[in-house]
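Summary of structural features
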Amino acid sequence: MNSQFNGTPTTATGLPFVGFGTYLIANEDAPGAVATAIEAGYRHIDTAAGYHNEEGVGEGIRLGLSASGLDRAELFVTTKLWPGNPAWGDAPKGYDETISAFEVSLAALGLDYVDLYLIHAPSGGSERVNEWRALLDMKAAGKARAIGVSNYTEAHIEEIRAAGLPLPEYNQIELHPWSQKPELRAFMAANGIAPIAYSSLVPLSTWRTEPGQDSSKTAEMQAASADADSPFKAMAAKYGVTEAQVLLRWGVQKGFGVLPKSLKPERMRQNIDLFSFEIDAADMALIEGMDRDDGVAWATGDPRFMG
Ligand SMILES: NC(=O)c1ccc[n+]([C@@H]2O[C@H](COP(=O)([O-])OP(=O)(O)OC[C@H]3O[C@@H](n4cnc5c(N)ncnc54)[C@H](OP(=O)(O)O)[C@@H]3O)[C@@H](O)[C@H]2O)c1
């Protein structure tokens, strides 16, 4: 619990456990979706320059705060630097470009600070450490209350340590029962880096079914979810909740912040309603045994990211 967020359950680092994900929400849909999410009780909104919806998200924040009678301080807002990616012909951002990109994001959101600023991926090549230096300076200036990274491996984090710089506070990574990353999480825990889980709902047959929204590995990963004997279906029936709630509750019980995205108000309400049941120890152990892959989004061991 944290009084800043009106009794909303928070992680050990004070992050509201359930954030609203906005990837694949179009800029024109973002004001309505984000305002609805805030009114449904979400106190963390996750966006990124790379989602091309920061203006709409900012508008949704203003609408949602005003409709709910909340102050800006009662909401946790995360956005992310697009660091460039030489593998895609997109030049890496250096220190100055990172500061400029941050200012562009703040202006698009219509905010004077964000609660968390992340480097979206370790694709900045030789500029990666300079990007981190810029984030440290934005934290020192109070414009980013916390800073972190996303999709970073142990090697990327060690690179920051080797440069003699403070380590990130958060690493936002793909985490769900099929991609649990135990070694990376143990390394992060040993170094005080909190995990934020994305794509928690990958095991659902309804995950990103719109054309063009899937990833190259979606079909392979989801083959198991069509199975009527899916352990998540059985757990959902046992606890009287949906499979989505089981997957999100697993993340919460592991201590992760989670970021479900939905454009459907009924699902938004369901995805934040995670605190009236508990997955028992036997089922947690069963899920522990389901880990099988690096995930469907970014392949964190991708050698392109070490350039
Ligand atoms: N840092 C990164 O690199 C990174 C990468 C990926 C994601 N993220 C962040 O994490 C957020 C969440 O990840 P995600 O967008 O990949 O996927 P997600 O939240 O795990 O799943 C979203 C998908 O599941 C469906 N869905 C949502 N709630 C449901 C429910 N209760 N029952 C059935 N289906 C449901 C949604 O469809 P409808 O919208 O139709 O409900 C959508 O297709 C993103 O929005 C973004 O903020 C970060």
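Residues numbered from 1 in each chain as written. Predicted model: local features only at pLDDT ≥ 70, side-chain atom pairs only at ≥ 80, totals over all residues. Heavy atoms only, no water.

**Comments concerning the overall build of the protein**
Regarding its fold elements, the protein presents eleven helices and eight strands. Radius of gyration (C-alpha) of the protein: 19 Å, near the 19 Å computed for a compact globule of 307 residues. If one aligns the C-alpha atoms of the protein with their principal axes, the spans along those axes are about 55 × 45 × 40 Å. Burial analysis of the protein (307 residues in total) assigns 55% to the buried set. Here the analysis covers contacts within the protein between residues at least 6 apart in sequence; of these, 73% occur between residues at least 24 apart. About 12,400 Å² of surface is accessible on the protein, with carbon and sulfur atoms providing 53% of the total. Here the protein contributes 25 positively and 40 negatively charged side chains, and the mean placements of these two sets differ by 2 Å. (Helix = DSSP H or I, 4+ residues; strand = E, 2+ residues; numbered from the N terminus. Rg over C-alpha atoms; globule rule 2.2 N^0.38 Å. Buried < 20%, exposed > 50% of the residue type's maximum accessible area, 1.4 Å probe, protein only. Contact = heavy atoms within 4.5 Å. Areas by Shrake-Rupley, 256 points an atom, 1.4 Å probe, with all protein chains shown as cover. Lys, Arg positive; Asp, Glu negative; His and termini not counted. Charge placed at Lys NZ, Arg CZ, Asp CG, Glu CD.)

**Things to note about the site of the ligand**
As a structural note, the neighbourhood of the ligand is formed by 29 residues, with Asp 46, Ser 199, Arg 208, Ser 262 and Lys 264 the closest of them. Here the ligand, which alone exposes 910 Å², has 94% of that area covered by the protein. If one sorts the elements of the shell around the ligand by residue count, helix H10 (residues 265-272) sits on top with three residues. Residues of the shell around the ligand, tallied by class, amount to eleven nonpolar, twelve polar and six charged. (Near = heavy atom within 4 Å. Nonpolar A, V, L, I, M, F, W, Y, C, P; charged D, E, K, R; others polar.)

**Some remarks on the pattern of salt bridges**
Evaluation of the coordinates by the stated rule reveals eleven salt bridges. Residues Glu 159 and Arg 128 are paired through a salt bridge, measuring 2.7 Å at the closest nitrogen-oxygen approach. In this pair, Glu 159 is assigned in helix H5 (residues 154-162) and Arg 128 in helix H4 (residues 128-140), connecting sequence segments 31 residues apart. Between Glu 169 and Lys 139 there is a salt bridge whose closest N-O contact spans 3.1 Å. Linking Glu 169 in the loop between H5 and strand E6 (170-174) with Lys 139 in helix H4, this pair joins segments that are 30 residues apart in sequence. Take Lys 139: its relative accessible area is 34%, and that puts it in the partly exposed class. Among the charged side chains, a network of salt bridges with common partners joins Lys 238, Asp 280 and Asp 283. (Salt bridge = Lys/Arg side-chain N within 4 Å of Asp/Glu carboxyl O.)

**Details of the nonpolar core**
Ranked by size, the top nonpolar core spans 73 residues in total, and within it Phe 20, Ile 61, Val 114, Tyr 117 and Trp 132 carry the most contacts. When sequence neighbours within four positions are dropped, the list of residues in contact with Tyr 117 reads Thr 79, Lys 80, Leu 81, Thr 98, Ala 101, Phe 102, Leu 135, Met 138, Ala 144, Ala 146, Ile 147 and Gly 148. Judged by nonpolar contacts, the second largest core, of eleven residues, contains Phe 5, Ala 146, Tyr 170 and Ile 196. (Core = buried A, V, L, I, M, F, W, Y, C linked by side-chain atoms within 4.5 Å.)

**Observations concerning unusual backbone geometry**
You will see that Asn 6, though not glycine, has its phi angle at about 55°, which is positive. Examined against the element boundaries, Asn 6 turns out to sit in the segment before strand E1 (20-21). Judged by relative accessible area, which is 48%, Asn 6 ranks as partly exposed. Of note, the phi angle at Arg 208 is positive, near 45°, even though the residue is not glycine. Relative to the elements of secondary structure, Arg 208 occurs in the loop between strand E7 (194-198) and helix H7 (218-222). For Arg 208, a relative accessible area of 21% puts it in the partly exposed group.

**Digging into the sheet that holds E1**
Across a sheet, paired strands are connected by hydrogen bonds in the backbone, their directions being either parallel or antiparallel. The strand order across the open sheet formed by eight strands is E1-E2-E3-E4-E5-E6-E7-E8, and the pairing between neighbours is parallel. The sheet is open, and its two edges are formed by E1 and strand E8 (257-258), each paired on a single side. Packed on one face of the sheet, helix H3 (residues 95-109) meets strand E3 (76-81), strand E4 (114-119) and strand E5 (144-150) and runs near 135° to E4. (Pairing = 2+ DSSP bridges. Axes fitted to C-alpha atoms, helices over the stretch in contact; angles between N-to-C directions.)

**Some details on H5**
When H5 is considered as a whole, its buried residues turn out to be His 156, Ile 157 and Ile 160. Down the axis of H5, the buried set is contained in an arc of 100°. They therefore lie on one face. Summarising the contacts, the buried residues of H5 are in contact with H4, E6 and helix H6 (182-190). Directly after H5, the chain includes Gly 164, whose backbone phi takes a positive value near 80°. (Arc of directions from axis to C-beta.)

**A few points about the pairing of E5**
Within E5, six of the seven residues are buried, leaving the element largely enclosed by the surrounding structure. Relative to E5, E4 runs parallel, the two sharing five bridges. Bridging across to E5, Leu 116 finds its partner in Ala 146. Once the chain exits E4 it traverses H4 before rejoining the sheet at E5, and the crossover so formed is right-handed. Pairing of E5 with E6 involves three bridges; the strand directions are parallel. Bridged to Gly 148 within E6 is Tyr 170. (Right-handed = clockwise from strand over helix to strand, strands pointing away.)

**Focus: the pairing of E3**
With six of six residues buried, E3 is to be regarded as a mostly interior element. In this sheet, E3 lies alongside strand E2 (residues 44-46) in parallel orientation, the contact comprising three bridges. Opposite Asp 46, over in E3, you have Thr 78 as the bridge partner. Note that the unit made of E2, helix H2 (residues 54-68) and E3 has a crossover that is right-handed. For E3 and E4, the ladder comprises four bridges, and the chain directions are parallel. Each bridged residue has a counterpart across the sheet, and for Thr 78 the counterpart in E4 is Leu 116.

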